[in-house]
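# Per-entry structural report
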Amino acid sequence: MTQRICHIIPTLVRGGAEKQLALLASGLPRDRFDVHVVVLTHDGPLRETLEAAGIEVTVVGKRFKADPSAYFRLKRTLKKLSPDLVHTWLFAANSYGRAAARSLGVRRIVAGERCVDQWKTTRHFVIDRALAKRTDAIVTNSSGVRDFYAAHGIDADLFRVIPNGIPPRTASTITREEACQRLGIDPKRRLIVAVGRLWPQKRLRDLIWAAQLMESARNDSTFVIIGDGPQMGELQRFRDSVTTGQAVTFAGARDDVAELLPHFDLFWIGSGYEGQSNALIEAMQAGLPVVASDIPGNRDLIENGVTGMLAPVGESAEFAKHAYQLLFTDTERAARLGQAGQEWIASDFTVAQMIDRHVDLYGELLDQ
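Here's what I pulled together on the structure shown here. Remember, predicted model here, so these are calculated numbers, not experimental data. Throughout, residues of each chain are indexed from 1 in the direction in which the sequence is written. Whole-chain, interface and lining totals are the exception, using all residues; otherwise, since this is a predicted model, local features are given only for residues with pLDDT of at least 70 and side-chain atom pairs are given and counted only at 80 or more. Each side-chain value is derived from all of the structure's non-hydrogen atoms; neither hydrogens nor water enter the calculation.

Attention shifts here to the overall build of the protein chain. Each helix and strand counted, the protein chain has 15 helices and 13 strands in total. Note on method: radius of gyration uses C-alpha positions; expected globular size equals 2.2 Å times residues raised to 0.38. What you see for the protein chain is a C-alpha radius of gyration of 21 Å, in line with the 21 Å of a compact globule of 368 residues. In the protein chain, the share of contacts with a sequence separation of at least 24, taken over all contacts with a separation of at least 6, comes to 71%. Here, Shrake-Rupley sampling with a 1.4 Å probe gives the accessible areas, and only protein chains in the shown set may cover a residue. Counting every atom, the protein chain has about 15,700 Å² of accessible surface; 49% of that belongs to carbon and sulfur. When charges are counted, Lys and Arg contribute as positive and Asp and Glu as negative, whereas His and the chain ends are disregarded. A single reference atom marks each charge: NZ on Lys, CZ on Arg, CG on Asp, CD on Glu. A distance of 7 Å separates the average location of the 45 positive side-chain charges in the protein chain from that of its 44 negative side-chain charges. Helix numbering and strand numbering both begin at the N terminus, where a helix is a DSSP run of H or I of at least 4 residues and a strand a DSSP run of E of at least 2. When checking whether two residues touch, look at their non-hydrogen atoms; a contact exists if any pair is within 4.5 Å.

Right, dumping it as structure tokens:
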């Protein structure tokens, strides 16, 4: 007999948590689990992925931060679905979903914390601690996230660390020349890339300044920022005030990142906090040497000097120094780092492993 699993998540945009949910829900064994996805706020492009896999998606339509009507619509949806286990993802869904599931007497409740959420206030942690007492397990992708929440009063034993899974990489079908043509960059230049949402967490100002230091030293490297977000205009103005479009270029949101990645020479991630960055995993999978900010989520992926290089948060000069060494003075080391990172991702961050670990967790809870 199959058991019904209901995943609840705020949106289905192409974010890290949303991608992991889509991979998990699509890959759970159908002979054991009947899977449904409930979207709290609004759907997005990943709905097509789920529906193509035969997953039923329901959108609740939450409109405000505090929306009692959405809570009651969610509760009606859960009552209709009558799940054996509810798995919630991210703060809004963790809050509304766990409260609704508990009020309906759902047998097992699993929450999902995906990031070191430094934006949370005392009020948020009060809610988290209260709901944790009614939660059977909390899944996270990083020991750093577990330790962060443990420091804010949530029992560390509740957490199950399940690293992100990444599908096998397909070979790029384009040449470096074509990749550079798409980006409007001279292929003779050394190319550094960052991928992600353009907002304060990513600390892209630090990386733009590091690119200016590179420009001052050699004048033959270009930093490409792939992504969109609320800071786009501000970051473009900052770029124009400190450097040139040749040193730093904005490529916007793109659907061809997987094809472009292997043609870059170096990956930067300067975030002030992360859970486990999918963009970083994808860059390592592509074999790129990496310079990453020295934060808990990144340290789960990067062993300094072995699978990449770590630099203190906000230290633009350190990012520039590592980049200069790897691109110009020690290219053999860059190749070793890229290969070691690629092998590490291939061995420990597969989709199959991620799904199996969730299956084990669900089975353990439902068999109790």
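With that settled, the discussion passes to the packing of helix 4 (residues 90-103) against helix 5 (residues 122-132). For helices, the axis comes from a line fit to the C-alpha atoms of the stretch in contact; other axes are also lines fit to C-alpha atoms, and the angle between any two N-to-C directions lies between 0 and 180 degrees. The geometry of helix 4 relative to helix 5 is characterised by a closest axis approach of 11 Å and an angle of 40 degrees between their N-to-C directions. With respect to each other, helix 4 and helix 5 are oriented oblique. With respect to the hand of their crossing, helix 4 and helix 5 are arranged in left-handed fashion. On helix 5, the residues that touch Phe91, Asn94, Ser95, Arg98 and Ala99 of helix 4 are His124, Ile127, Asp128, Leu131 and Ala132. Put simply, Ala, Val, Leu, Ile, Met, Phe, Trp, Tyr, Cys and Pro go in the nonpolar bin, Asp, Glu, Lys and Arg in the charged bin, and everything else, Gly too, in the polar bin. Here the residues of the contact of helix 4 with helix 5 are counted per class, giving 5 nonpolar, 3 polar and 2 charged. Should an angle fall under 35 degrees it is taken as roughly parallel, and over 145 as roughly antiparallel, whereas 65 to 115 is taken as roughly perpendicular and any remaining angle as oblique. Crossing chirality is assigned from the near helix's rotation relative to the far helix, an anticlockwise turn below a right angle marking it left-handed and a clockwise turn marking it right-handed.

Let us look at the packing of aromatic side chains. To pair, rings of Phe, Tyr and Trp, with the six-membered ring standing in for Trp, must have centres within 6.5 Å; the planes then decide the type, stacked if under 30 degrees apart, edge-to-face if over 60, and tilted in the middle. Under the counting rule described, the total for this entry stands at 11 aromatic pairs. Seen in terms of ring centroids, phenylalanine 148 and tyrosine 149 are 5.1 Å apart; in terms of plane orientation they differ by 90 degrees. Their pairing is edge-to-face. Type-normalised accessible area, obtained with a 1.4 Å probe on protein chains alone, sets the label of each residue: buried when under 20%, exposed when over 50%, and partly exposed for intermediate values. According to the relative accessible area criterion, tyrosine 149 is buried, its value standing at 0%. Connected via pairs of aromatic rings, a cluster forms that spans Phe125, Phe148, Tyr149 and Phe159. Positioned over the ring face of phenylalanine 238 is arginine 205, at 4.4 Å from the centre of the ring. For a Lys NZ or an Arg CZ to count as sitting over a ring, it must be within 6 Å of the ring centre and within 35 degrees of the ring normal.

The next point concerns the sheet that holds strand 2 (residues 33-42). Taken in spatial order, the 7 strands of this open sheet run 3-2-1-4-5-6-7, and their pairing is parallel. The outermost strands of the open sheet, each flanked by one partner alone, are strand 3 (56-59) and strand 7 (159-161). Each strand of the sheet is rotated relative to its neighbour by a mean of 25 degrees, with strand direction disregarded. In the packing of helix 1 (residues 16-27) onto the sheet, contacts are made with strand 1 (3-11) and strand 2, and the angle to strand 1 comes to roughly 160 degrees. Set on the sheet, helix 6 (residues 143-151) makes contact with strand 6 (137-140) and strand 7; between it and strand 7 the angle comes to about 165 degrees. Any two strands with at least two DSSP-identified bridges between them are counted as paired.

Let us look at the pattern of salt bridges. Only one rule defines a salt bridge in this text: a Lys or Arg side-chain nitrogen within 4 Å of an Asp or Glu carboxyl oxygen. The final tally for this structure, using the stated rule, is 23 salt bridges. A salt bridge links aspartate 117 to lysine 120, with the shortest nitrogen-to-oxygen separation between them at 3.9 Å. A residue is classified by how much of its surface remains accessible, and lysine 120, at 7% relative accessible area, is buried. Measuring nitrogen to oxygen at the nearest pair gives 2.6 Å for the salt bridge that ties glutamate 274 to lysine 202. Taken as a pair, glutamate 274 in the loop between strand 11 (266-269) and helix 11 (278-285) and lysine 202 in the loop between strand 8 (190-195) and helix 8 (204-217) lie far apart in primary sequence, 72 residues in all. Here the residues in one salt-bridge network are Glu178, Arg182, Arg254, Asp256 and Glu259, joined through shared partners.

Time to look at the environment of tryptophan 199. Relative to the helices and strands, tryptophan 199 is located in the loop between strand 8 and helix 8. Given a relative accessible area of 26%, tryptophan 199 falls into the partly exposed group. Residues tryptophan 199 and proline 230 lie 31 residues apart in sequence; the distance between their C-alpha atoms is 5.9 Å. The residues contacting tryptophan 199, other than those within four sequence positions of it, are Pro230, Gln231 and Tyr273.

The subject of this paragraph is the sheet that holds strand 10 (residues 248-252). Taking strand neighbours across the sheet as the criterion, the 6 strands line up as 10-9-8-11-12-13 in an open arrangement whose pairing is parallel. The outermost strands of the open sheet, each flanked by one partner alone, are strand 10 and strand 13 (309-311). Going across the sheet, the axis of each strand differs from the next one's by a mean of 25 degrees, ignoring polarity. In the sheet, strand 11 pairs with strand 12 (residues 290-293) via 3 bridges, with the strands oriented parallel. Pairing of isoleucine 269 across the sheet is with alanine 292, part of strand 12.

With respect to the element layout, histidine 152 can be found in the loop between helix 6 and strand 7. Classification of histidine 152 as partly exposed rests on a relative accessible area of 27%. It is 22 Å that separates the C-alpha atoms of histidine 152 and alanine 17, two residues lying 135 residues apart in sequence. Not counting the four nearest positions on each side in its chain, histidine 152 is found in contact with Phe125 and Arg129. Here the side chain of histidine 152 touches phenylalanine 148 through a polar contact of 2.9 Å, landing on its backbone oxygen. Under the rule applied, a polar contact is a pair of N or O atoms within 3.5 Å (in protein, one hydrogen donor and one hydrogen acceptor; residues adjacent in sequence only if both atoms are side-chain atoms).

Quick look at the side chain of arginine 114 now. Its location among the elements puts arginine 114 in the loop between strand 5 (108-112) and helix 5. For the buried arginine 114, no salt bridge is present, and the opposite-charge side chain at shortest range is glutamate 18, 8.4 Å distant. Only 2.8 Å separates the side chain of arginine 114 from the side chain of asparagine 164, close enough to count as a polar contact. Apart from residues no more than four positions distant in its own chain, arginine 114 is found in contact with Ala17, Gln20, Trp89, Leu90, Val139, Thr140, Asn141, Val145, Asn164, Gly275 and Gln276.

We note that leucine 90 has phi near 75 degrees; this positive angle belongs to a residue other than glycine. We note that asparagine 219 has phi near 60 degrees; this positive angle belongs to a residue other than glycine. Among the secondary structure elements, asparagine 219 is positioned in the loop between helix 8 and strand 9 (221-226). Of the residues examined, asparagine 219 reaches a relative accessible area of 43% and is grouped as partly exposed.

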